[in-house]
Amino acid sequence: MVPTRWAGGGGALKVKAEFSEQAGGADPAVLLDGDGGVLARAVAAFGEHAIALDEEACLLGAVEGFAGQAQQFEVMGELLAADQLDAAMANFQSLKDDHAKSPYTSMAALQMARARLEVNQPDLSVGLYEYVMENGYPKALKVVARERLARVLLDLGRAEEALTTLNGATDIEGFEARYAEVRGDVLYSLGRMEEAQTAYFEALDKLEAGAGDRSKLIMKLQSMGATVPEDGSLS
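Residues numbered from 1 in each chain as written. Predicted model: local features only at pLDDT ≥ 70, side-chain atom pairs only at ≥ 80, totals over all residues. Heavy atoms only, no water.

Notes on the confidence of the model for the chain
Next up, step 1: Averaged over all residues, the pLDDT of the chain is 76; the fraction at 70 or higher stands at 68%.
Next up, step 2: Throughout residues 1–64 the model reports pLDDT below 50, and contacts reaching past four residues in sequence, or to other chains, amount to 140 contacts. (pLDDT = per-residue confidence, 0-100. Contact = heavy atoms within 4.5 Å.)

Shown next, in the form of structure tokens:
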């Protein structure tokens with residue numbers, strides 16, 4: 001049984017994941033937090049054991065075949081915590097070379113991308129997000145990476161590329177609000193105000209109650225002269 005304490009809050013979305021190759025045919029449940037709080041928690045249950053993958057940490061690694069990857073992932077996290085970015089990158093490269101399609105590698109790439117952003121190296125995060133877009137596993141992590149890449153491209157002044165990146169998404173179930181908001185930000189930066197306003201209203205409409213920053217969306221709309229009900233509800 002998958003421990004419910006890993007389910008996350010704010011409208012966690014249950015997504016089917018294809019862990020068959022790595023997990024010996026098991027059919028795990030993947031819980032993705034769609035509100036932008038915790039990125040993702042992937043939980044694969046094997047009898048009494050479970051392996052949990054989280055962007056922030058590896059919670060458990062009890063399944064044969066994942067142990068080595070889990071250890072590499074944990075070491076990389078420790079190196080990042082110690083501000084040893086170059087060593088962490090070398091550790092990630094080793095994980096990538098040995099286990100390109102592993103969920104641990106996808107999580108590690110996202111963690112490395114965040115580390116690059118934290119040290120003001122957004123240009124070096126681009127390739128990491130692109131890697132997850134192409135190789136991410138489970139597939140839902142590709143959706144996360146694409147949205148984050150679009151935000152980085154926008155911050156780098158590459159708004160047209162950011163819009164193209166967003167338009168390349170085919171299945172964003174559970175992440176509609178996040179995609180709509182960043183689309184609004186991109187369109188706003190391009191001076192396409194009416195389209196930006198439409199995107200912000202879509203984000204507000206898709207945002208689950210109690211999830212995400214509803215007040216920020218309302219402020220964006222009001223700054224554009226839009227009328228939004230006091231409770232932020234569009235119904």
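Notes on the pattern of salt bridges
Working definition: two side chains of opposite charge can pair if their charged atoms are close together.
Next up, step 1: This model, assessed by the stated rule, comprises seven salt bridges.
Next up, step 2: The salt bridge partner of Lys 216 is Glu 181, with a shortest N-O separation of 3.4 Å. Pair noted here: Lys 216 is in helix α9 (residues 214–223) and Glu 181 is in helix α7 (residues 176–189), with a separation of 35 residues, a long-range link.
Next up, step 3: Measuring nitrogen to oxygen at the nearest pair gives 2.9 Å for the salt bridge that ties Glu 181 to Lys 220. Residue Glu 181 is located in helix α7, and its partner Lys 220 is located in helix α9; the two are separated by 39 residues in the primary sequence. The two residues Glu 181 and Lys 220 agree in class, both being buried.
Next up, step 4: Here the salt bridges share partners, and the residues they tie into one network are Glu 181, Asp 185, Lys 216 and Lys 220. (Salt bridge = Lys/Arg side-chain N within 4 Å of Asp/Glu carboxyl O. Helix = DSSP H or I, 4+ residues; strand = E, 2+ residues; numbered from the N terminus. Buried < 20%, exposed > 50% of the residue type's maximum accessible area, 1.4 Å probe, protein only.)

Re the nonpolar core
Next up, step 1: Within the largest apolar cluster, 55 residues are counted, with the highest numbers of intra-cluster contacts made by Met 76, Leu 80, Phe 92, Met 112, Tyr 129, Val 132 and Val 186.
Next up, step 2: Examining the composition of this core, we find that nine residues originate from one element, helix α5 (residues 140–155), more than from any other.
Next up, step 3: Those residues in contact with Phe 92 that lie beyond four places of it in its chain are Met 76, Thr 105, Ala 108, Ala 109, Met 112 and Leu 128. (Core = buried A, V, L, I, M, F, W, Y, C linked by side-chain atoms within 4.5 Å.)

Some points on the packing of α5 against α7
Pairs of packed helices are described in terms of their axes, by the angle between the two and the distance that separates them.
Next up, step 1: For the pair α5 and α7, the least separation of the axes is 10 Å and the interaxial angle reads 20°. With respect to α7, the axis of α5 lies roughly parallel. Note that α5 runs across α7; the crossing there is left-handed. Of α7, the residues touching α5 (which contributes Val 143, Val 144, Arg 146, Glu 147, Arg 148, Ala 150, Arg 151 and Leu 154) are Arg 178, Tyr 179, Val 182, Asp 185, Val 186 and Ser 189.
Next up, step 2: Taken together, the residues of the contact of α5 with α7 sort by class into seven nonpolar, one polar and six charged. (Axes fitted to C-alpha atoms, helices over the stretch in contact; angles between N-to-C directions. Parallel < 35°, antiparallel > 145°, perpendicular 65-115°, else oblique. Left-handed = near helix turned anticlockwise from the far one by under 90°. Nonpolar A, V, L, I, M, F, W, Y, C, P; charged D, E, K, R; others polar.)

Focus on unusual backbone geometry
Next up, step 1: For the bond from Tyr 137 to Pro 138, the omega torsion is 5°, close enough to zero to count as cis.
Next up, step 2: By the element assignment, Pro 138 lies in the loop between α4 (122–135) and α5.
Next up, step 3: The backbone of Asp 83 sits at a positive phi, close to 60°, despite the residue not being glycine.
Next up, step 4: Along the chain, the position of Asp 83 falls in the loop between α1 (67–81) and α2 (85–98).
Next up, step 5: Backbone geometry places Asn 120, a non-glycine residue, at a positive phi of 60°.
Next up, step 6: Summarising the element assignment, Asn 120 is placed in the loop between α3 (103–118) and α4.

Things to note about helix α8 (residues 193–206)
Next up, step 1: The terminal C-alpha atoms of α8, which comprises 14 residues, lie 20 Å apart, in line with the 20 Å expected from a rise of 1.5 Å per residue.
Next up, step 2: Buried positions along α8 lie against α7 and α9. (Expected span 1.5 Å × (residues − 1).)

Quick notes on the packing of aromatic side chains
Next up, step 1: Applying the stated rule across the entire model yields two aromatic pairs.
Next up, step 2: Seen from their ring centres, Phe 92 and Tyr 131 are 6.4 Å apart, and the 90° between their planes marks the pair as edge-to-face. A residue pair is termed long-range when its members are at least 10 positions apart, and Phe 92 in helix α2 and Tyr 131 in helix α4 qualify at 39 residues. (Phe/Tyr/Trp six-rings, centres within 6.5 Å; stacked < 30°, edge-to-face > 60°.)

Structural notes on the packing of α3 against α4
Next up, step 1: Two numbers describe how α3 lies on α4: the axes approach to 8 Å, and their chain directions differ by 160°. With respect to α4, the element α3 is oriented roughly antiparallel. Judged by the sense of rotation from one axis to the other, the crossing of α3 with α4 is left-handed. Counting all contacts with α3, which are made through Thr 105, Ser 106, Ala 109, Leu 110, Met 112, Ala 113, Arg 114, Arg 116 and Leu 117, the residues of α4 involved are Pro 122, Leu 124, Ser 125, Leu 128, Tyr 129, Tyr 131, Val 132 and Asn 135.
Next up, step 2: For the contact of α3 with α4, the class distribution of residues is eleven nonpolar, four polar and two charged.

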